[in-house]
Amino acid sequence: GVCGTLGVDMRIAAGVRRFEAEEYAKARLYLKFLYENFPNSPQAVEALLKMADAYALEIGIDNKMEARQRFADFYSRFPQSPQAGYALYMQGKLSLAMKAHPDKDPANVVQAQTHFSRYLQIFPDGPYAEAARDAIRACKDHLAAHEYSVAEFYFRRGAYRASLARLEFLLRGFPDYGKIGEAYHLLARTYQALGDEATAAEYFRMASEAGIKPDKS
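Here's what I pulled together on the structure shown here. (Residues numbered from 1 in each chain as written. Predicted model: local features only at pLDDT ≥ 70, side-chain atom pairs only at ≥ 80, totals over all residues. Heavy atoms only, no water.)

### Overview of the pattern of salt bridges
Then step 1. What the rule picks out here adds up to nine salt bridges.
Then step 2. For Glu-23, the salt bridge is made with Arg-18, and the minimal N-O distance between the two is 2.7 Å.
Then step 3. Among the salt bridges present, the one from Arg-137 reaches Asp-134, with a minimum N-O distance of 2.1 Å. With a gap of three residues between them, Arg-137 and Asp-134 both fall in helix α7 (residues 129-156), about one helical turn apart.
Then step 4. Accessibility expressed as a relative area gives 39% for Asp-134, which makes it partly exposed.
Then step 5. Linked by salt bridges that have partners in common, Glu-202, Arg-205 and Glu-209 make up one network. (Salt bridge = Lys/Arg side-chain N within 4 Å of Asp/Glu carboxyl O. Helix = DSSP H or I, 4+ residues; strand = E, 2+ residues; numbered from the N terminus. Buried < 20%, exposed > 50% of the residue type's maximum accessible area, 1.4 Å probe, protein only.)

### Observations regarding the side chain of His-142
Then step 1. Mapped onto the elements, His-142 comes out in helix α7.
Then step 2. Under the relative-accessibility criterion, His-142 is labelled buried at 9%.
Then step 3. Among all residues touching His-142, those that are not within four sequence positions of it are Lys-99, Ala-100, His-101, Pro-102 and Val-109. (Contact = heavy atoms within 4.5 Å.)

### Looking at the environment of Ala-193
Then step 1. Residue position: Ala-193 is located in helix α9 (residues 180-193).
Then step 2. C-alpha separation for the pair Ala-193 and Tyr-160, spaced 33 residues apart in sequence, amounts to 7.2 Å.

### Re the packing of aromatic side chains
Then step 1. Tallied over the entire structure, the rule returns 14 aromatic pairs.
Then step 2. Taken together, a centroid distance of 6.2 Å and an interplanar angle of 70° make the contact between Tyr-119 and Tyr-128 edge-to-face.
Then step 3. When its relative accessible area of 1% is taken as the criterion, Tyr-119 is described as buried.
Then step 4. With centroids separated by 5.8 Å and ring planes inclined at 65°, the aromatic side chains of Phe-153 and Tyr-154 adopt a geometry described as edge-to-face.
Then step 5. On the accessibility criterion, Phe-153 (40% relative accessible area) is partly exposed.
Then step 6. Grouped by ring-pair contacts, the aromatic residues Phe-71, Tyr-86, Tyr-89, Phe-116, Tyr-119, Phe-123 and Tyr-128 constitute a single cluster.
Then step 7. Seen from the ring of Tyr-55, Arg-28 lies directly overhead, with NZ or CZ sitting 4.0 Å from the centre. (Phe/Tyr/Trp six-rings, centres within 6.5 Å; stacked < 30°, edge-to-face > 60°. Lys NZ or Arg CZ within 6 Å of the ring centre and 35° of its normal.)

This is the structure in structure tokens:
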């Protein structure tokens, strides 16, 4: 009835006031209650999105994970909302923000790239399209760095065939890698270790052309 609707309006207003005051934990209390108890109300759309934002704006990996899940919930529940694109983009942004060092598991970066690519597929002219394209480039560079790190790990342990496989995958999958010269140089050293001096010389030449000095170790 009218009282129920008034209660919902008052709760969303209270939650927004707390949010704008940067009292995110308190804001979530109002917003969560509203969304869980009035899930089919028009205000539930705003409540769920604000709740996701309230997690995203706080520091800490747990808050980022919670925010990503809330944005995923929003996108799944309200795919026709004008804010659906924002929710999809934010899933990618949060995933990328949780990236590990290149020598660690790149799962979050892979997930980020998936979200950004999906955003561009569905919203090619959306307000976050340029940011998504930039983020995809960052994802690819990170994934290439991961491949290089793994290849270097294998090389240092004398597993030259394994190193070669990762470097060849890097060149095929990430030809625009920002440190491609280093990849050429490690490839040259790997072929040299395998006894293929001719191929090694070719990659040393390519590394030199990319700005890597011959004496780089």
